[in-house]
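Each chain, written out:
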Amino acid sequence: MMVEAPPHITNAVFEVWKRVGNKSRVLVGGWSMHPLIEDGDTALVLHTCKDVDVGTVIAFKLTKERIVVHRVLRSYLRRSKRVFICRGDNNLHLDPPLSEEMVIGRVEAVRKKSGKTIALDGIVQRWLGYTIVGCFELARKLPRAWTQIKVAKVFDRIAMIV
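For the structure given in this document, a descriptive report is provided here. (Residues numbered from 1 in each chain as written. Predicted model: local features only at pLDDT ≥ 70, side-chain atom pairs only at ≥ 80, totals over all residues. Heavy atoms only, no water.)

In a structure, side chains of opposite charge can pair up when their charged atoms sit close to one another. Taken as a whole, this structure holds 5 salt bridges when the rule is applied. One salt bridge connects Lys-112 with Glu-38, and the closest N-O pair in it is separated by 3.9 Å. Note that Lys-112 is positioned in the loop between strand S7 (103-111) and strand S8 (117-119) and Glu-38 in the loop between strand S1 (23-27) and strand S2 (42-46), a separation of 74 residues in sequence. Between Lys-81 and Glu-101 there is a salt bridge, with its nearest N and O atoms 3.5 Å apart. (Salt bridge = Lys/Arg side-chain N within 4 Å of Asp/Glu carboxyl O. Helix = DSSP H or I, 4+ residues; strand = E, 2+ residues; numbered from the N terminus.)

Shown next, in the form of structure tokens:
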């Protein structure tokens, strides 16, 4: 059973958890992170921006009502505040730049519908995250037809490793 709360209550809870470094489980809907995270999987989110780096999967507020789970492609400082550029592994387009305040936390693990849990903070998963980001960067430099076919196959092979 899933209980939905008004956005202002949910946002307040996330802010408190972020300050104390608590964790929460977020039910994921959609296919933007397929094959790693699929519709109906549950993400374990550590409410902190600590250790968020290129390749890390984060949860963030896109709007007041919508929470998104995507991978960090780039991070930089703007006016002494961190800004993140993210994208879903299965998306063609980048998300708008995110301020650190929009980030709910880092996804530590994913519990699949099958019951299997995949930890995302281990060495292998971090390496795979860097590899996926490298594929995104390479795909930006290649012709579109090659990108759509070949990069999709690379993601499928990476997913089989997981």
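From this point, the discussion proceeds with the structure in view.
Let's shift gears to the side chain of Asp-89. Mapped onto the elements of the fold, Asp-89 is located in the loop between strand S5 (81-87) and strand S6 (98-99). Separated by 2.8 Å, the side chains of Asp-89 and Arg-71 make a polar contact. (Polar contact = N/O pair within 3.5 Å; in protein donor to acceptor, adjacent residues only side chain to side chain.)

What follows concerns the environment of Asn-22. Structurally, Asn-22 can be placed in the loop between helix H1 (7-20) and S1. Spatially, the C-alpha atom of Asn-22 lies 8.5 Å from that of Val-45, the residues being 23 residues apart in sequence.

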